[in-house]
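Structural overview for review
The lines below spell out each chain.
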Amino acid sequence: MSAAAMEGRVALVTGAADGIGWAAARRLAAQGGRLALLDLRADAARTRAAELGAAHLGLGCDVADADAVRAAVQAVQARFGRIDALVNNAGIAEQAGSTLEQTAEGFDRVLAVHLRGTFLVTQAVLAVMRGQPRDARGCRGAIVNLGSIAGLGGIPGRNAYSAAKAGVLGMTRALAAEWAREGIRVNAVAPGYVRTALVAQLVARGALDGRALAARTPLGRMAEPDEIADAIAFLASPAASYVTGATLAADGGWSALGAPEAALGPLPGDLPTTGDNPSC
């Protein structure tokens, strides 16, 4: 993919201040895009935009709030005049644990941010994209939603998150079919375990077993945020001009594994490592 794949294009990324969202924003900006970074923490969004340069915009936005979403998208359109790519990345920590210990309020909040938020931001951006001229291949815009391996397979104790991410993948297919004739592509990336700062802290505290996750993953390690950003950038770019309705599993082979973990064999001893994260 060309280093200038997003030249002259405007991309909006939600949950853009940290983790996968920030990695995606950096990647799209490096490819020539002008970025609108949305995050619940307005100061963090503005700081990140300033790191990218004066051509970029940082805004505070609660993606579960319809009025806030409309105002933010209007501000992006007023600043840039168009939106060529949307990355629906915003999310919150789940309420993991026994079903009997989970709360309805926690369940609702996880779905509100991950699923309702994806719907609201997509709805507002579609209204902008449909008024834009088509490019040489008939495209008016591209949307990339963040799914998860939790939306593809069962993970005990992660009910709300799994339901939200499965919903995102179903909505991705429905939107793709609805908006294809309008020249708007809609796809999803389903990451496996990603070594974000939060996950690294959980591993360091012993709340996650990094070696066990690596052993369960065919590639033998967690992903780095930049690797997920590469998958997002591909689907958002003209390089994926004939791809819509797809879910790209960027999970190191996690969802492909159909045999007991032991069938993978031991982790190779010659893999370079970073802490608990063997790397290929």
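Figured I'd write up the structure that's included with this text. Everything numeric in this text was worked out from a predicted model, so none of it was measured.

Packing of helix α3 (residues 66-80) against helix α4 (residues 104-129) leaves a shortest axis separation of 10 Å and a crossing angle of 35°. Judged by the sense of rotation from one axis to the other, the crossing of α3 with α4 is right-handed. Across from A66, V69, V73 and Q77 in α3, the residues of α4 making contact are R116, L120, V121, A124, V125 and V128. Its residues assigned to classes, the contact of α3 with α4 shows eight nonpolar, one polar and one charged.

In terms of nonpolar packing, the biggest core is built from 31 residues, with L12, L38, V73, V76, I83 and V125 touching the most fellow members. For this core, the secondary-structure elements that each account for two or more residues are β1 (10-14), β2 (34-39), β3 (57-60), α3, α4, α5 (159-179) and β6 (184-191). The leading source of residues in this core is α4, at eight residues. Discounting chain neighbours no more than four positions away, the residues touching L38 are L12, V13, T14, G15, A16, L59, C61, A72 and V76. The next biggest cluster of nonpolar side chains, apart from the first, holds 30 residues, and it includes A11, A16, I228 and A233.

The next subject is the packing of aromatic side chains. Scanning the entire structure with this criterion turns up one aromatic pair. Its end group placed over the ring of W254, R216 keeps NZ or CZ at 4.1 Å from the ring centre.

Here we take up the sheet that holds strand β7 (residues 247-250). With respect to topology, seven strands assemble into an open sheet ordered β3-β2-β1-β4-β5-β6-β7, the strand pairing being parallel. Single-partner strands in this sheet number two, and they are β3 and β7. When strand polarity is set aside, the average angle formed by the axes of neighbouring strands in this sheet is 15°. Bridge analysis of β6 against β7 gives four bridges, and the strand direction is parallel.

With that settled, consider the side chain of S148. Mapped onto the elements of the fold, S148 is located in the loop between β5 (141-146) and α5. For S148, a relative accessible area of 5% translates into the label buried. There is a polar contact of 2.9 Å between the side chain of S148 and the backbone nitrogen of A150. The contact partners of S148, leaving out residues within four places of it in the chain, are Y161, K165, V189, A190 and P191.

Before going further, it helps to examine the pairing of β3. Pairing between β2 and β3: four bridges, direction parallel. Within the sheet, the bridge partner assigned to L37 lies in β3 and is G58. For the crossover from β2 across helix α2 (residues 42-52) to β3, the handedness is right-handed.

What follows deals with the pattern of salt bridges. For side chains bearing opposite charge, pairing can occur when the charged atoms are close. Using the criterion set out here, one finds 12 salt bridges in the structure. Ionic pairing is found between D43 and R46, a salt bridge with its closest N-O pair at 2.6 Å. Here D43 and its partner R46 are both found in helix α2, three residues apart, which amounts to about one turn of the helix. Salt-bridge contacts for D84 lead to R82; the nearest nitrogen and oxygen are separated by 2.7 Å. With a relative accessible area of 7%, D84 lands in the buried category. Through salt bridges with shared partners, a single ionic network connects D18, D39, R41, R48 and E51.

The residue W22 is located in helix α1 (residues 19-30) in this model. When its relative accessible area of 9% is taken as the criterion, W22 is described as buried. Distance in space between the C-alpha atoms of W22 and A49 is 9.8 Å, their sequence separation being 27 residues. Residues in contact with W22, not counting those within four places in the same chain, are G15, A16, A17, L37, R48, E51 and L52.

Once that is clear, we can look at α5. Taking 1.5 Å per residue as the helical rise, α5 with its 21 residues ought to reach 30 Å, and the 30 Å between its terminal C-alpha atoms agrees with that figure. Within α5, the full set of buried residues consists of A160, Y161, S162, A164, K165, V168, L169, M171, T172, L175, A176 and W179. Where the residues of α5 are buried, they touch α4, β5, β6 and β7.

Turning our attention to the packing of α1 against α2. Remark: α1 packs on α2, axes separated minimally by 11 Å, with the N-to-C direction vectors making an angle of 30°. Taken together, the axis directions place α1 and α2 in an arrangement best described as roughly parallel. Viewed along their axes, α1 and α2 form a crossing whose handedness is right-handed. Contacts from W22, A25, R26 and A29 of α1 reach α2 at R48, E51 and L52. Class assignment for the residues of the contact of α1 with α2 results in four nonpolar, no polar and three charged.

Rules used throughout
Residues numbered from 1 in each chain as written. Predicted model: local features only at pLDDT ≥ 70, side-chain atom pairs only at ≥ 80, totals over all residues. Heavy atoms only, no water. Axes fitted to C-alpha atoms, helices over the stretch in contact; angles between N-to-C directions. Helix = DSSP H or I, 4+ residues; strand = E, 2+ residues; numbered from the N terminus. Left-handed = near helix turned anticlockwise from the far one by under 90°. Contact = heavy atoms within 4.5 Å. Nonpolar A, V, L, I, M, F, W, Y, C, P; charged D, E, K, R; others polar. Core = buried A, V, L, I, M, F, W, Y, C linked by side-chain atoms within 4.5 Å. Buried < 20%, exposed > 50% of the residue type's maximum accessible area, 1.4 Å probe, protein only. Phe/Tyr/Trp six-rings, centres within 6.5 Å; stacked < 30°, edge-to-face > 60°. Lys NZ or Arg CZ within 6 Å of the ring centre and 35° of its normal. Pairing = 2+ DSSP bridges. Polar contact = N/O pair within 3.5 Å; in protein donor to acceptor, adjacent residues only side chain to side chain. Right-handed = clockwise from strand over helix to strand, strands pointing away. Salt bridge = Lys/Arg side-chain N within 4 Å of Asp/Glu carboxyl O. Expected span 1.5 Å × (residues − 1). Parallel < 35°, antiparallel > 145°, perpendicular 65-115°, else oblique.

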